[in-house]
Amino acid sequence: MRVSDEGHCRQCLEVSADASMDEITQAYHRLKRIYQDDLAPFSAPSMDEFSEEARGEVLNQIETAYRELCGILATTQPQAHPAPPPTLNASLPVDGAALRKIREAEGLTLDFIAAQTHVRQEYLQAFEEERFADLPHAAVNVRGFLSAYVAEMGLPVDAIVRGYMARYQQWQARQRK
Amino acid sequence: MHIWAVGGGKGGTGKSLVANGLGTHLAERGFKVILVDTDFGGPNQHTYCGIRKPSTSLVQFFEDRKPLDEILLKTKIDGLRLIPGNFNSQNTDCLTVTQKQKLFRHIKNLQADHVILDLGAGTQYDTLDTFLLADVQVAVVAPDALATENFYLFLKNLKYRQLNSALSTLGLRDRSRELWKHRTEFGIATTKDLVAYLRALSAEFSDLFDREQQKLKTHVVLNQVREYRQTEVGVAVTSAVNKFFHIPATYAGHIRYDKDLWQHFGQDTPVIHQGVSFNMRQDLEKITESILKAQAMEVG
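Reading the values: the criteria
Residues numbered from 1 in each chain as written. Chains lettered and ligands numbered in written order. Predicted model: local features only at pLDDT ≥ 70, side-chain atom pairs only at ≥ 80, totals over all residues. Heavy atoms only, no water. Salt bridge = Lys/Arg side-chain N within 4 Å of Asp/Glu carboxyl O. Helix = DSSP H or I, 4+ residues; strand = E, 2+ residues; numbered from the N terminus. Buried < 20%, exposed > 50% of the residue type's maximum accessible area, 1.4 Å probe, protein only. Core = buried A, V, L, I, M, F, W, Y, C linked by side-chain atoms within 4.5 Å. Contact = heavy atoms within 4.5 Å. Buried area = accessible area lost by both parts, 1.4 Å probe. Polar contact = N/O pair within 3.5 Å; in protein donor to acceptor, adjacent residues only side chain to side chain. pLDDT = per-residue confidence, 0-100. Axes fitted to C-alpha atoms, helices over the stretch in contact; angles between N-to-C directions. Parallel < 35°, antiparallel > 145°, perpendicular 65-115°, else oblique. Left-handed = near helix turned anticlockwise from the far one by under 90°. Nonpolar A, V, L, I, M, F, W, Y, C, P; charged D, E, K, R; others polar. Pairing = 2+ DSSP bridges. Right-handed = clockwise from strand over helix to strand, strands pointing away. Domains from an automatic or database assignment. Phe/Tyr/Trp six-rings, centres within 6.5 Å; stacked < 30°, edge-to-face > 60°. Lys NZ or Arg CZ within 6 Å of the ring centre and 35° of its normal.

A.B. asks: How do you make sense of the pattern of salt bridges when you look at a structure like this?
C.D. replies: One side chain can pair with another of opposite charge once the charged atoms of both are near each other. Residues and elements named next belong to chain A. Here the structure, examined in full by the defined rule, presents 23 salt bridges over all chains. Taking the shortest distance from any N to any O, the salt bridge between Lys-32 and Glu-63 comes out at 3.6 Å. With Lys-32 in helix α2 (residues 21-36) and Glu-63 in helix α3 (residues 52-76), this pair connects stretches of sequence that are 31 residues apart. Taking relative accessible area as the criterion, Lys-32 reaches 21% and is therefore assigned partly exposed. Exposure remark for Glu-63: the relative accessible area of 21% places this residue in the partly exposed category. Here Glu-122 makes a salt bridge to Arg-120, at a shortest N to O gap of 3.2 Å. Ionic contacts of the salt-bridge type, sharing partners, join the residues Lys-32, Glu-63 and Arg-67 into one network.

Following this line, the structure appears as structure tokens:
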């Protein structure tokens, strides 16, 4: 298949007709990430449709569509500079402010999470504001409460808690000095 | 009236959950909704509705010739009614084609804004046919290799089914079998080649197959999301359906896993209602809205 016009290119990159250059770039990197990895969880290697050849063809189409769109949009949107793609992993480690943002985006209130996890709302708030002094004194409790909070939001517990606890422990070390 | 079908191939991915969630939310939006448990081999939509012992079932429709109106059950959710599945019958899973056709004729005459068909697992012909019959096709997948593989197979078989029905209508079935049998002589390697050959052979087939294919447009729902990063599987699967299977698919969203859900079954209350499994409820609402929006855009 030859990707010829803007509509086709947008369809190939799975973006809407009014998607900006930034959104197009993000979609391009996401699709590349998806189709480059033959061990990706969405893949079904047993099926002919997922052959290396088929994936290669799709990657070519994505590449062509992106190049052409860049060319088309450079004339109509000269100010656009493709931004680096945000990946989910790149946003880790997640700090308190990020947790709060995610919680609010999910439409979850602190008292709801408190009710679900049985962690006091004051602690949840202290987590989000990274007020380490207001957290429980024992690190084991801090870790347990934080894990419950992160799990409740359906986020990867291990990675987030590890990063958060590292900051907490640095703070503890500073307190001891 | 809109007929929705919820399918997806593998068992246990959450087809009944999604069907119920869609129905619940549409009813709360003020629509008249009827859920039909067309999972002939493993009906359980009544349990989602919080009806432990349904007083009626599809058996009465099939065996006693009762009209569907008379086996409709009210649920505890205003505007949501249920036609319970096929139990206490001797032949739960071997209905005849005529019986099924009769059922669908009657479903089309139901008085409701939305009728939601909860399909069984697998890729049996009647499951595929029911899915293709619906105006709103919802396919459920989970973020693991077992579910995705079966999910693709389900969609692939839908296409084969469309191909075969176009061939049967035009009396080309035997011709096509012969072509496939001697495919090397005709330079045919894949189904795609076969279709191209048949298209060149018969313009009538080409038109009919195009029309059949237009009937397949699916909304993808990702269920059982335990970790946030799994949400990308939904986007990826939808993309693969478009790019590898050439089936128009839109991603409707994901549903977070609820480890406590099992506790809500077998009680007298609907499983998905206010106060129970808040995250899941919220996700199901988002998905319903997203599908309604996509459908409206397609019409407009």
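A.B. asks: Sorry if this is basic, but what is going on with the nonpolar core here?
C.D. replies: Where a protein is soluble and globular, its nonpolar side chains tend to be buried together. With 71 residues, the main nonpolar core has Leu-13 and Phe-42 of chain A together with Ile-107 and Tyr-152 of chain B as its most contacted residues. Residues Val-6, Val-18, Leu-26 and Ile-116 of chain B belong to the second largest nonpolar core, which totals 32 residues.

A.B. asks: Honestly, the interface of chain A and chain B in this entry has me stumped. Any pointers?
C.D. replies: You'll often see interface size given as the accessible area lost when the parts meet. If you look at the interface, chain A gives 30 residues, while chain B gives 24 residues. Here chain A packs against chain B, burying approximately 2,400 Å² in sum over the two surfaces, 61% of which is carbon and sulfur. The three residues of chain A that bury the most area against chain B are Phe-42, Glu-49 and Glu-106 of chain A, which together make up 22% of that side's buried surface. Scanning the region where chain A abuts chain B turns up 3 salt bridges. The salt bridge partner of Arg-33 of chain A is Glu-232 of chain B, with a shortest N-O separation of 2.5 Å. Along the contact surface separating chain A from chain B lie 10 residue pairs in polar contact (both at pLDDT 80 or more).

A.B. asks: Could you clarify how one ought to interpret the confidence of the model for chain B in this entry?
C.D. replies: Low-confidence regions, as indicated by low pLDDT, have predicted coordinates that should not be scrutinised in detail. On average, residues of chain B score 89 in pLDDT, and 96% of them reach the 70 mark or higher. Within chain B, strand β6 (residues 136-141) of chain B carries the highest mean pLDDT (97), whereas helix α5 (residues 97-108) of chain B carries the lowest (87).

A.B. asks: I would appreciate a short explanation of the packing of helix α7 (residues 145-169) of chain B against helix α11 (residues 231-244) of chain B in the present structure.
C.D. replies: Describing two packed helices takes the angle between their axes plus the distance from one axis to the other. Residue and element names in this part refer to chain B. Direction vectors running N to C along α7 and α11 enclose 30°, while the axes themselves pass 11 Å from each other. Judged by the inter-axis angle, α7 sits roughly parallel to α11. In the packing of α7 onto α11, the handedness of the crossing is right-handed. Here Thr-148, Phe-151, Tyr-152 and Leu-155 of α7 lie close against α11, whose contacting residues are Val-233, Val-237, Ala-240 and Val-241. Tallied by class, the residues present in the contact of α7 with α11 amount to 7 nonpolar, 1 polar and no charged.

A.B. asks: Hey, could you run me through the sheet that holds strand β2 (residues 33-38) of chain B in this one?
C.D. replies: Hydrogen bonding along the main chain pairs the strands of a sheet, whether they run parallel or antiparallel. Residue and element names in this part refer to chain B. On the basis of which strands lie adjacent, the open sheet formed by 8 strands has the order β3-β4-β2-β5-β1-β6-β7-β8 and mixed pairing. Edge strands, defined here as strands with exactly one partner in the open sheet, are β3 (73-74) and β8 (249-256). Here β2 pairs with strand β5 (residues 114-119) via 6 bridges, running parallel. Considered in β5, the bridge of Val-33 is made with His-114.

A.B. asks: Even after reading the chapter, I still don't get the pairing of β8 of chain B, so can you show me in this structure?
C.D. replies: Along any regular strand, the residues point their side chains to alternate faces of the sheet. All names here are of chain B. The sheet contact formed by strand β7 (residues 218-225) and β8 spans 6 bridges and is parallel. The residue of β8 that forms the bridge with Val-220 is Tyr-251. Considered for its hand, the β-α-β crossover made up of β7, α11 and β8 is right-handed.

A.B. asks: Please explain the domain arrangement of chain A as it appears in this structure.
C.D. replies: Domain assignment breaks chain A into domain 1 (6-76) and domain 2 (90-176). Placing a centre on the C-alpha atoms of domain 1 of chain A and another on those of domain 2 of chain A gives a separation of 36 Å.

A.B. asks: Teacher, can you tell me more about the packing of aromatic side chains here?
C.D. replies: The geometry of an aromatic ring pair is captured by two quantities: the separation of the ring centres and the angle between the planes. Residue and element names in this part refer to chain B. Considering all chains together, one arrives at 20 aromatic pairs over all chains under this definition. Judged by centre distance (5.0 Å) and plane angle (90°), the ring pair of Tyr-48 and Phe-265 falls under edge-to-face. Remark: Phe-265 occurs in the loop between β8 and α12 (278-299) and Tyr-48 occurs in helix α2 (residues 45-48); sequence separation between them is 217 residues. Taking the ring centre of Phe-61 as reference, the NZ or CZ of Lys-102 above it sits at 4.7 Å. A cation over a ring is seen here: Arg-183 above Trp-180, with NZ or CZ 4.3 Å from the ring centre.

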